[in-house]
Amino acid sequence: MSGTERIALFPLRTVLFPQGLLPLRIFETRYLDMIRRVMREGTGFGVVLILDGAEIGKVGEVAHVGTFARVADFGQLPDGLLKIVARGERRFRIVGRDMQPDGLHLADVEWLEDAGEPLQPGEYAELAATLKRALEDLGDDYPVGELRTDDALWLAGQLGQLLPVPAATRQKILEVDGARERLQRIEQLRQ
């Protein structure tokens with residue numbers, strides 16, 4: 001897809017990868033309204049890392065690369081807050097950003113293409129085994145669905161989402177073009 005598209009942003013102190021899952025508690029009016037709208041319209045929103053500012057209140061600078069997400073699951077928590085699980089779909093680059101009167105950030109984005117890349121048998125087998133162990137430990141807390149460890153985009157997305165490293169490191173990996181290249185960066189972190 002060429003050109004740009006306008007999307008709502010959800011700036012956070014974390015990074016979402018394509019194919020990754022991100023549980024969120026929604027309580028600010030601007031984001032409750034955004035989630036209602038995207039669910040009604042069948043669209044999504046962009047998750048971007050906050051580089052300067054706070055999740056609650058004023059957001060200053062955000063990363064230029066983020067991930068478009070859709071609501072994969074939702075429900076109400078015992079305290080009455082809305083709980084959603086966002087599933088990352090595709091990366092984007094912000095080319096312009098502004099804010100609505102209610103404080104919701106909007107961005108003009110260009111899509112960054114990530115083609116599916118099948119892995120050869122045994123390729124990144126250690127990373128796939130590490131991911132399987134992590135997913136077993138997480139169980140129902142991270143409902144990933146069918147394991148697709150033969151797909152570089154899926155494997156890089158799941159590993160990137162679960163990496164126990166600072167958000168800035170995960171952001172650098174997200175910004176790398178190509179799923180295989182992201183897997184190489186993840187593998188380098190193990191060394």
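Structure shown above.
As the structure is a computational prediction, the values presented were derived from the model and not from experiment. (Residues numbered from 1 in each chain as written. Predicted model: local features only at pLDDT ≥ 70, side-chain atom pairs only at ≥ 80, totals over all residues. Heavy atoms only, no water.)

Undergrad: Please explain the nonpolar core as it appears in this structure.
TA: Generally speaking, soluble globular proteins have nonpolar side chains that are buried together. Membership of the largest hydrophobic core comes to 28 residues, with the highest contact counts inside it found for Leu155, Leu159 and Leu183. Once you skip the residues sitting within four places of it in the chain, Leu155 turns out to touch Leu119, Tyr124, Ala128, Leu131, Thr149 and Leu183. Within the second largest apolar cluster, 18 residues are counted, among which are Ala8, Val38, Ala86 and Leu104. (Core = buried A, V, L, I, M, F, W, Y, C linked by side-chain atoms within 4.5 Å. Buried < 20%, exposed > 50% of the residue type's maximum accessible area, 1.4 Å probe, protein only. Contact = heavy atoms within 4.5 Å.)

Undergrad: I tried to follow the packing of helix α4 (residues 167-174) against helix α5 (residues 179-190) on my own but got confused; where do I start?
TA: Axes are the key here: two packed helices are described by the angle between their axes and the distance separating the axes. Running from N to C, α4 and α5 cross one another at 145°; their axes reach a closest spacing of 9 Å. Within the contact between the two elements, α4 uses Thr169, Lys172, Ile173 and Leu174 and α5 uses Arg182, Arg185, Ile186 and Leu189. A class-by-class count of the residues in the contact of α4 with α5 yields 4 nonpolar, 1 polar and 3 charged. (Axes fitted to C-alpha atoms, helices over the stretch in contact; angles between N-to-C directions. Helix = DSSP H or I, 4+ residues; strand = E, 2+ residues; numbered from the N terminus. Nonpolar A, V, L, I, M, F, W, Y, C, P; charged D, E, K, R; others polar.)

Undergrad: Would you take a moment to explain the packing of aromatic side chains for this structure?
TA: Two aromatic rings are characterised by how far apart their centres lie and by the angle between their planes. Counted under the stated rule, the structure contains 4 aromatic pairs. Geometrically, the ring pair formed by Phe10 and Tyr31 is stacked, given 4.2 Å between the ring centres and 0° between the ring planes. Residue Phe10 is located in strand β1 (residues 5-12), and its partner Tyr31 is located in helix α1 (residues 29-41); the two are separated by 21 residues in the primary sequence. Comparing Phe10 with Tyr31, the two get one shared label, buried. Their ring planes at 50° and their centres at 6.0 Å tell us that Phe10 and Phe45 sit as a pair that is tilted. (Phe/Tyr/Trp six-rings, centres within 6.5 Å; stacked < 30°, edge-to-face > 60°.)

Undergrad: Where do I start with the pattern of salt bridges in this structure?
TA: Any two side chains of opposite charge can pair, on the condition that their charged atoms come close. Applying the stated rule across the entire model yields 13 salt bridges. When the shortest N-O distance is used, the salt bridge between Glu89 and Arg70 registers 2.8 Å. Residue Glu89 is found in strand β5 (residues 82-99), and its partner Arg70 is found in strand β4 (residues 65-76); the two are separated by 19 residues along the sequence. What makes Glu89 partly exposed here is its relative accessible area of 32%. Ionic pairing is found between Glu123 and Arg180, a salt bridge with its closest N-O pair at 3.0 Å. Placement of Glu123 in the loop between β6 (105-112) and α2 (125-138) and of Arg180 in helix α5 is noted, with a sequence separation of 57 residues between them. (Salt bridge = Lys/Arg side-chain N within 4 Å of Asp/Glu carboxyl O.)

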